[in-house]
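Letter by letter, the chains look like this.
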Amino acid sequence: MESKKVVKVVGFWVSPFSLRVEWALRLKGVEYEYIEEDIFNKSPLLLELNPVRKRVPVLIHGENVILESLVILEYIDETWKQAPLLPRDPYDRAMARFWAKVADEQLFLNAWMALCSQGDEKEIALKQAMEAVEKIEEELKGKKSKFFGGESIGYLDLVLGWISYTLPVWEEVGCMKIVDPIQFPSTTAWMENFLNHPEIIKFKPPPRDKMVIYFQWISGEMAAQIARVGPRGARTFPSIKSSPNYR
């Protein structure tokens, strides 16, 4: 029987990019159907919906197909006006987009590289990830509100949400520390506020123990790939016949 829901999300159970899209829809009160994707063995559906990048998340809204999580968040905010995610002020909106790019291009990629590499490459990536956190810490300092978006979760909070639940797992698996509570008190307080938000509590991130198992496995696979092809190997997943799925 065909689903009556006109909104669908194609995602991967542990992907922070997929989760930020699901959180945005829930904050807006939008019902949706979730479709789990095997990112290691791309389905015909994903290849049809996203033939260029071949990755999740994908948002399907009626006949519209929207790709890339940051673009999807803006589409959601423009389509469903309740509980705005982006600031109304043009300057504040532009700065939210700027910090979102910093989060994804500097913090996420370097933290991922630090998790999956060893030696000098790991140290360099770790240093660059911490430098990105320093910038975020400076942005948070002096804010009287709980979130970047004020007293309610907004666009930038959703973009950075992964550091409150995924990053601690990466730190444990990779035997490293990126967000030190003493060095980054404002960022640590924001992380706690994010995890304690009613909607985040209601729609919990994946279980930590299962995330640890998964990232122990994938970081080992990625480390082997990086050893073969160099640092660029951290940007593409290896071809694997099967992977753990805890969704």
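Whatever comes next refers back to the structure up there.
Residues numbered from 1 in each chain as written. Predicted model: local features only at pLDDT ≥ 70, side-chain atom pairs only at ≥ 80, totals over all residues. Heavy atoms only, no water.

A. Local environment of the packing of helix 1 (residues 16–28) against helix 3 (residues 69–79). Remark: helix 1 packs on helix 3, axes separated minimally by 9 Å, with the N-to-C direction vectors making an angle of 5°. It follows that helix 1 is roughly parallel to helix 3 by the angle criterion. Together, Phe17, Arg20, Val21, Ala24, Leu25 and Lys28 of helix 1 and Ser69, Leu70, Ile72, Leu73, Ile76 and Asp77 of helix 3 make up the contact between the two elements. Residues belonging to the contact of helix 1 with helix 3 are distributed by class as follows: eight nonpolar, one polar and three charged. (Axes fitted to C-alpha atoms, helices over the stretch in contact; angles between N-to-C directions. Helix = DSSP H or I, 4+ residues; strand = E, 2+ residues; numbered from the N terminus. Parallel < 35°, antiparallel > 145°, perpendicular 65-115°, else oblique. Contact = heavy atoms within 4.5 Å. Nonpolar A, V, L, I, M, F, W, Y, C, P; charged D, E, K, R; others polar.)

B. Quick peek at the nonpolar core. Judged by nonpolar contacts, the single largest core of 83 residues is most densely connected at Leu25, Leu107, Trp170, Ile178 and Phe215. For this core, the element with the highest residue contribution is helix 4 (residues 90–116), accounting for 13 residues. (Core = buried A, V, L, I, M, F, W, Y, C linked by side-chain atoms within 4.5 Å. Buried < 20%, exposed > 50% of the residue type's maximum accessible area, 1.4 Å probe, protein only.)

C. Representation of the packing of aromatic side chains. Counted by the stated rule, this structure contains 19 aromatic pairs. Taking 5.3 Å as the distance between ring centres and 75° as the angle between the ring planes, the aromatic pair formed by Trp23 and Phe194 counts as edge-to-face. With a gap of 171 residues between them, Trp23 in helix 1 and Phe194 in helix 8 (residues 185–195) connect regions that are remote in the sequence. Each member of the pair, Trp23 as well as Phe194, is classed as buried. Between Trp112 and Trp170 the ring centres are 5.3 Å apart and the planes differ by 55°, which places this aromatic pair in the tilted class. (Phe/Tyr/Trp six-rings, centres within 6.5 Å; stacked < 30°, edge-to-face > 60°.)

D. Summary view of the pattern of salt bridges. As enumerated under the stated definition, the model contains 12 salt bridges in all. Here Asp104 makes a salt bridge to Arg20, at a shortest N to O gap of 3.1 Å. Of this pair, Asp104 sits in helix 4 while Arg20 is found in helix 1, placing the two residues 84 residues apart along the sequence. Here Asp104 falls in the buried class, since its relative accessible area comes to 14%. A salt bridge links Glu171 to Lys177; the shortest N-O distance between them is 3.5 Å. Residue Glu171 is classed as buried on the basis of its relative accessible area of 7%. Counted as one network, the salt bridges with shared partners bring together Arg53, Arg55 and Glu68. (Salt bridge = Lys/Arg side-chain N within 4 Å of Asp/Glu carboxyl O.)

E. A look at the environment of Trp99. Looking at the element boundaries, Trp99 is found in helix 4. For Trp99, a relative accessible area of 12% gives the class buried. As for Trp99 and Ser18, which are separated by 81 residues in sequence, their C-alpha atoms are 19 Å apart. Separated by 3.4 Å, the side chains of Trp99 and Glu139 make a polar contact. (Polar contact = N/O pair within 3.5 Å; in protein donor to acceptor, adjacent residues only side chain to side chain.)

F. Region of interest: the sheet that holds strand 4 (residues 64–67). Reading across from one edge, 2-1-3-4 is the order of the four strands in this open sheet, with mixed pairing throughout. Of all the strands in the sheet, just strand 2 (33–36) and strand 4 have a single pairing partner and so form its edges. If you compare each strand with its neighbour and ignore which way they point, the axes differ by 20° on average. Relative to strand 3 (residues 58–61), strand 1 (residues 7–11) runs antiparallel, the two being bridged by four bridges. In the sheet register, Val9 faces strand 3, and the bridge partner there is Leu59. Contacting strand 1, strand 2 and strand 3, helix 1 runs over the sheet at an angle of about 160° to strand 1. Packing against the sheet, helix 3 makes contact with strand 3 and strand 4, and its axis sits at approximately 135° to strand 4. (Pairing = 2+ DSSP bridges.)

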